[in-house]
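The lines below spell out each chain.
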Amino acid sequence: MKIAPCFSLKCFCYLALLLIQLSVSSVIYASPEISITGLTSELEANARAYLALSKETCETPQWKIKRLFDKSPEQIEKAVRALGYYHSKIQKSLTWEEGCWASVFNIQLGPPMLIKELDIQVLGAGAEEPFFAELLVNNSIQIGNIVNHGQYEAFKSSLKAQAEAKGYFDNHYELKQLAVDLESNTAKVQLHLQTGNRYYISRITISENALDPEFTRKFLQIEPGEAYDREKIVEAHQLFDTYGYYKNVQLKYLRKQAEDYYAPLAVNLKNLPRHALSAGVGYDTDLGFRISAGYKNRYLNENGHQFIADLNLSLKKSHFIMEYVLPYNNPLKDRLSFFSGITYEDTTNVDSQKIEVGARLSNRFYGQVVLSEQLKFVAERFRNGNSDPFQTRLLLVPGIAISNIRAENKGMYLDGYKYMLDLNAAHRSIASSVSFIQTRFNLKMAYSTFWGGRIIAKTDLGATAVDVFTDLPSSYRFYAGGDNSVRGYDYKSIGERNESGDVIGGRYLVTGSLEYEQKIIDDWSIAAFIDAGDAFTSTMNVKFGAGLGVRWYSIVGPVRIDIAVPSEDIGDVHFHFSLSTAL
C-alpha cells in the first residue's frame, strides 16, 4: 500500500523533468519562420536564395534582424526581376514570439516582362559555321517568352565558350545587352558575337617515348593543317589514357607561338613501366582458396606489341593463360591476339583437363561494343560421373562474340549493364571429334533506387545442337548452381543426371536472378534475392533459391556473404562467400 505513492511521486518527477527538457529543447532548436506568399515555387526558391534574412537564426541580435528585414524588399525585387517581373509590390511584417522571430512577405507580382525583339548574330569568320547555327536554333530565348536573366547569361556564356572550343580565340561581343521598357513591359535582347579568325594546327610534336612516333600519332586522329577543335584534343587525351601505354599525358596547343593563326600542338607523354606484376589471394565457396598472379609486358617493341600471362590456382579449378597482343589495322579499335591456355577442374560433378591454342581478332565500334572473332584448337580430357571412364576429344572451334559494358558511379554503387552473346561451333569433318553449334547470352543490369537502394537483375541463357551429347566435352556442357548462378545449390550441382545419379550437364541453360540491395552504413549494405534456373537436355525442371546477404564494398571490390536455401529443402542452408565485380 505504501509503494504506490512513492511510485506516483517518481512518475511525477520524471514527467516534470521531461516537460522541462522538452521546453528547453524547443527554445534551443527553434528556428525562425519566413513566410512568402504570392509566388510560384520557382520564384519563391529564387527569392529565398536572394534573401539574406533566410540565413539567420533565432540567436541573431534584433538589431541585425531589423536591418536585414529592411533590406529584404530590395532583395526580393531583384530575385523576381531576374525571372521577368519588374512591377512587384511587397507587404511585409516582422514579429518576435517565444524567443524567436518570424517574418511575412506578401508579394503582388504584376505583369511579366516579355521579350519583344531578339537580335542574336554571329559575325566574322565563324558566321557560317554549323556549330554556331545549331546553338542559335536550339536557343531557349525566344520572342514572347518571359525575360529570364539566368537564361540570358547562360546563353551568352555558351556562345562564347563554343567559340573558344572551336579555335576562335579572339572572339568578343561587339554588342551585348538586355534592354527593358518598363512602360510597355517589353524587352529587347541583343547579342553580336564577333568571332575573329579561327586558329589552326601548324604541326604536331610528340615527345620521345618507347613507342614509334608513327604508331603514337594514330591515337591523335588529328592532322597538321586542321582547325583547332577542343573536342578532338580531349578525345585524343582519353585514348592515350585508355590503351595502357602512357601516363602523365599532356596535349598543349601553343597559341603564343602562332603565326598567321597557325600554332603547333605539343604532345608530351611518359610511358608506363614496361613490366607489370600482380598477385593476390582469395576465397569463395565454389572453388575454395585461390591464388592468382599476373605479368604484363606493355610494349615488347616500338609498335605496341604486348605479352600477358595470368595464373589462377585453387584445389578445385586452375588455369594458366598466355596471350600475345598486337594492334591491328586501326590500333584504336582493332586488336589481334594469339593465345594458349591450360585449364584444370576437379569438382564434385566435373573432372576435366583442357588445353587450347588459338587466335582472336577484336574490333571495337559504337563506343564500347566489341566484336570478337576467334579460331581455337581444343584438346580436352574429361569424365562426367565418378564411375565413367575418361574420354579425350579434339575440337577445332571457330567462334564469334559481341559484348558491351556501360557503367557509371553512383556513390558506392556502379550502375549500368553488361552483356555478351557468343556463338561457337565444330564439325567432325574438320579436325573435331564431335559436331555441335552452341550459343550463349548473359546479361546483368544494376540500377540505383531511392534511399541508397539498388536493384540487380541478371540472366544466363544457352542452347546447344549436338550430334552425340556424350561426346561433348565438359567445358561445352551447361551447369547451374553456385555463387554466381542459383544460390542455395552447390557449384555446378544442377544439370541433367545419368542413371547413376551423377550430374552430367545439359544441352540448354536457363537461369535468372533478382536482387534488392540496401545501403545501411558507410560501405556496408544488405541484400535479399531470389534465383531460379536449370541446366537440362529434354525437360526443364526449374530450381529456386532464395536468401539474404551482406555486402562490403572494399578497395578491391564488393565482398558478398550470402545465406540461401533451395526450393527442394528449405532446411538445407547454404553459405556463399565471394569477391565479385562492381557490376
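Preceding block: the structure.
All values derive from a computational prediction rather than experimental measurement. (Residues numbered from 1 in each chain as written. Predicted model: local features only at pLDDT ≥ 70, side-chain atom pairs only at ≥ 80, totals over all residues. Heavy atoms only, no water.)

1. A word on the overall build of the protein
So, point 1. Of the regular secondary structure elements, the protein holds seven helices and 25 strands.
So, point 2. Here the C-alpha radius of gyration of the protein, 35 Å, is well above what a compact globule of 583 residues would show, namely 25 Å.
So, point 3. The principal-axis extent of the C-alpha atoms belonging to the protein is close to 105 × 95 × 45 Å.
So, point 4. Burial statistics for the protein: of 583 residues in total, 40% are counted as buried.
So, point 5. Look at the contacts in the protein between residues 6 or more apart in sequence, and 55% of them connect residues 24 or more apart.
So, point 6. A total of about 31800 Å² of accessible surface is found on the protein, and carbon and sulfur atoms cover 58% of it.
So, point 7. Averaging the positions of the 61 positive and the 66 negative side-chain charges in the protein gives two centres separated by 4 Å. (Helix = DSSP H or I, 4+ residues; strand = E, 2+ residues; numbered from the N terminus. Rg over C-alpha atoms; globule rule 2.2 N^0.38 Å. Buried < 20%, exposed > 50% of the residue type's maximum accessible area, 1.4 Å probe, protein only. Contact = heavy atoms within 4.5 Å. Areas by Shrake-Rupley, 256 points an atom, 1.4 Å probe, with all protein chains shown as cover. Lys, Arg positive; Asp, Glu negative; His and termini not counted. Charge placed at Lys NZ, Arg CZ, Asp CG, Glu CD.)

2. Overview of the packing of aromatic side chains
So, point 1. Applying the stated rule across the entire model yields 26 aromatic pairs.
So, point 2. Here the aromatic rings of Phe69 and Phe105 are separated by 5.8 Å at their centres, their planes lie at 40 degrees, and the arrangement is tilted. Taken together, the residues span a long stretch of sequence, with Phe69 in helix α3 (residues 62-81) and Phe105 in strand β3 (residues 100-108) at a distance of 36 residues.
So, point 3. A ring pair is formed by Phe219 and Tyr243, whose centres lie 5.7 Å apart and whose planes are at 65 degrees; its orientation type is edge-to-face. Of this pair, Phe219 sits in the loop between α6 (213-217) and α7 (230-242) while Tyr243 is found in the loop between α7 and β8 (246-253), placing the two residues 24 residues apart along the sequence. Each of the two residues, Phe219 as well as Tyr243, counts as buried.
So, point 4. Members of the aromatic cluster, connected to one another through ring pairs, are Phe215, Phe219, Phe240, Tyr243, Tyr245 and Tyr246.
So, point 5. Taking NZ or CZ as reference, Arg381 lies 3.8 Å from the ring centre of Phe390, over its face.
So, point 6. Positioned above the aromatic ring of Phe469, the side-chain terminus of Arg477 is 4.6 Å from the ring centre. (Phe/Tyr/Trp six-rings, centres within 6.5 Å; stacked < 30°, edge-to-face > 60°. Lys NZ or Arg CZ within 6 Å of the ring centre and 35° of its normal.)

3. Re the sheet that holds strand β1 (residues 33-37)
So, point 1. Within the open sheet, the three strands sit side by side as β1-β3-β2. Their pairing is mixed. Taken across any chain shown, the strands that pair with only one partner, and hence form the sheet edges, are β1 and β2 (89-97). Recorded for the sheet is a direction-independent mean angle of 10 degrees between the axes of neighbouring strands.
So, point 2. The pairing of β2 with β3 spans nine bridges and is classified as antiparallel. Bridged to Trp96 within β3 is Trp101.
So, point 3. Seen against the sheet, α3 touches β2 and β3 and runs at an angle of roughly 160 degrees to β2. (Pairing = 2+ DSSP bridges. Axes fitted to C-alpha atoms, helices over the stretch in contact; angles between N-to-C directions.)

4. Considerations on the sheet that holds strand β5 (residues 172-181)
So, point 1. The sheet built from three strands is open, its strands ordered β4-β6-β5 with mixed pairing. At either margin of the open sheet sits one strand with a lone partner, and together these are β4 (114-123) and β5. Pairwise comparison of adjacent strand axes, ignoring direction, gives a mean angle of 5 degrees for this sheet.
So, point 2. Relative to strand β6 (residues 186-194), β5 runs antiparallel, the two sharing nine bridges. Within the sheet, the bridge partner assigned to Tyr173 lies in β6 and is Leu193.
So, point 3. Set on the sheet, helix α5 (residues 149-165) makes contact with β4, β5 and β6; between it and β5 the angle comes to about 170 degrees.

5. Looking at the environment of Ile291
So, point 1. Within the secondary structure layout, Ile291 lies in strand β11 (residues 288-297).
So, point 2. Linking Ile291 and Ser318, residues 27 residues apart in sequence, is a C-alpha distance of 9.3 Å.
So, point 3. With residues up to four places along the chain from it excluded, the contact list for Ile291 reads Gly280, Val281, Leu311, Asn312 and Leu313.

6. Overview of unusual backbone geometry
What is expected of a backbone is that most residues other than glycine have negative phi and most peptide bonds are trans.
So, point 1. Residue Asn248 is not a glycine yet carries a positive backbone phi of 50 degrees.
So, point 2. Here Asn248 shows up in strand β8.
So, point 3. Overall, the relative accessible area of 52% leaves Asn248 in the exposed class.
So, point 4. In this structure, Asp260 is a non-glycine residue whose phi angle is positive, near 50 degrees.
So, point 5. Within the element layout of this structure, Asp260 appears in the loop between β8 and β9 (262-271).
So, point 6. Classification of Asp260 as exposed rests on a relative accessible area of 71%.

7. What about a nonpolar patch on the surface?
So, point 1. There is a patch of nonpolar side chains on the surface, built from Ile520, Ile521, Trp524, Ile526, Val550, Trp552, Ile561, Ile563, Val573 and Phe575 and spanning about 910 Å² of accessible area.
So, point 2. If you list the elements that add at least two residues to the nonpolar patch, you get β21 (508-521), β22 (524-536), β23 (543-554) and β24 (557-566).
So, point 3. Here Ile521 is to be found in strand β21. (Patch = residues over 30% accessible without salt bridge, like charges linked within 9 Å, V, L, I, M, F, W, Y side chains within 5 Å. Salt bridge = Lys/Arg side-chain N within 4 Å of Asp/Glu carboxyl O.)

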